[in-house]
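Read off the chains here:
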Amino acid sequence: MVNTQFGAGTYESGAALAPSRWLVLLLGILAVVFGVLFFIYPIPTLELLVTFLGLYWLFNGIVALIGLFTDNTGRGWKLLVGILGILAGALVLAYPLYSAILIPTVFALIIGVEGLIIGAVYMIQGFSGAGWGTGILGILSIIFGLVLIANPLVAALGLVLLLAGLAIVGGIAAIVISFRLPG
């Protein structure tokens, strides 16, 4: 049954929810511009990304503390998350340049150690009969982990360059799609 008062169930009702051609085109152009800027200015971009992370941690901590008053379950965890979130967010916002170096470096080290562990597991599986492919993936994972542990700052800069490349590719795809949209 079609609701004629609000247009529910008609083709026209869904057309209002579809993104317009110009909006997709604008988003694609913005993504390409920001991707190029990320390639040109990687360190300020990394600082900006870390600042957004600091804002997220700060607001997440505040919301967790507010949640203490509305929901009584998990009070200890909410208190811990709230306090740590506010402290981490405040530190990142107070020292954005140091945080832009420290946070990605810590992430690179964690991912590097994880790569070593996963690589060891894959190598054991490969030698236990899972096949040479699994063993080769284990060796590659160990090499990747060692590279990240040896050069965590380079890995952090690589993250920004990867995001820049993804923004450019995604922006170009959005521009192409915008010309294929109706309207």
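Described in the following lines is the structure provided in the data block. (Residues numbered from 1 in each chain as written. Predicted model: local features only at pLDDT ≥ 70, side-chain atom pairs only at ≥ 80, totals over all residues. Heavy atoms only, no water.)

Description of the nonpolar core
Phase 1: Ranked by size, the top nonpolar core spans 7 residues in total: Leu 46, Val 50, Val 92, Ala 100, Ile 103, Ala 156 and Val 160.
Phase 2: Among the elements of the structure, helix 3 (42-70), helix 5 (96-130) and helix 7 (152-180) are those that each provide at least two residues to this core.
Phase 3: Excluding residues within four positions of it along the chain, Ile 103 makes contact with Val 50, Leu 53, Trp 57 and Val 92. (Core = buried A, V, L, I, M, F, W, Y, C linked by side-chain atoms within 4.5 Å. Buried < 20%, exposed > 50% of the residue type's maximum accessible area, 1.4 Å probe, protein only. Helix = DSSP H or I, 4+ residues; strand = E, 2+ residues; numbered from the N terminus. Contact = heavy atoms within 4.5 Å.)

Digging into the environment of Ala 155
Phase 1: Along the chain, Ala 155 turns up in helix 7.
Phase 2: Judged by relative accessible area, Ala 155 falls into the partly exposed class, the value being 21%.
Phase 3: In sequence terms Ala 155 and Ala 108 are 47 residues apart; their C-alpha atoms lie 6.3 Å from each other.
Phase 4: Sequence-distant contacts of Ala 155, that is, excluding residues within four places in its chain, are made with Ala 108 and Leu 148.

Points about the packing of helix 5 against helix 7
Phase 1: Remark: helix 5 packs on helix 7, axes separated minimally by 8 Å, with the N-to-C direction vectors making an angle of 105°. Here helix 7 runs roughly perpendicular to helix 5, going by the angle between their axes. Touching Ile 101, Pro 104, Thr 105, Ala 108 and Leu 109 of helix 5 are Pro 152, Leu 153, Ala 155 and Ala 156, all from helix 7.
Phase 2: Split into classes, the residues belonging to the contact of helix 5 with helix 7 amount to 8 nonpolar, 1 polar and no charged. (Axes fitted to C-alpha atoms, helices over the stretch in contact; angles between N-to-C directions. Parallel < 35°, antiparallel > 145°, perpendicular 65-115°, else oblique. Nonpolar A, V, L, I, M, F, W, Y, C, P; charged D, E, K, R; others polar.)

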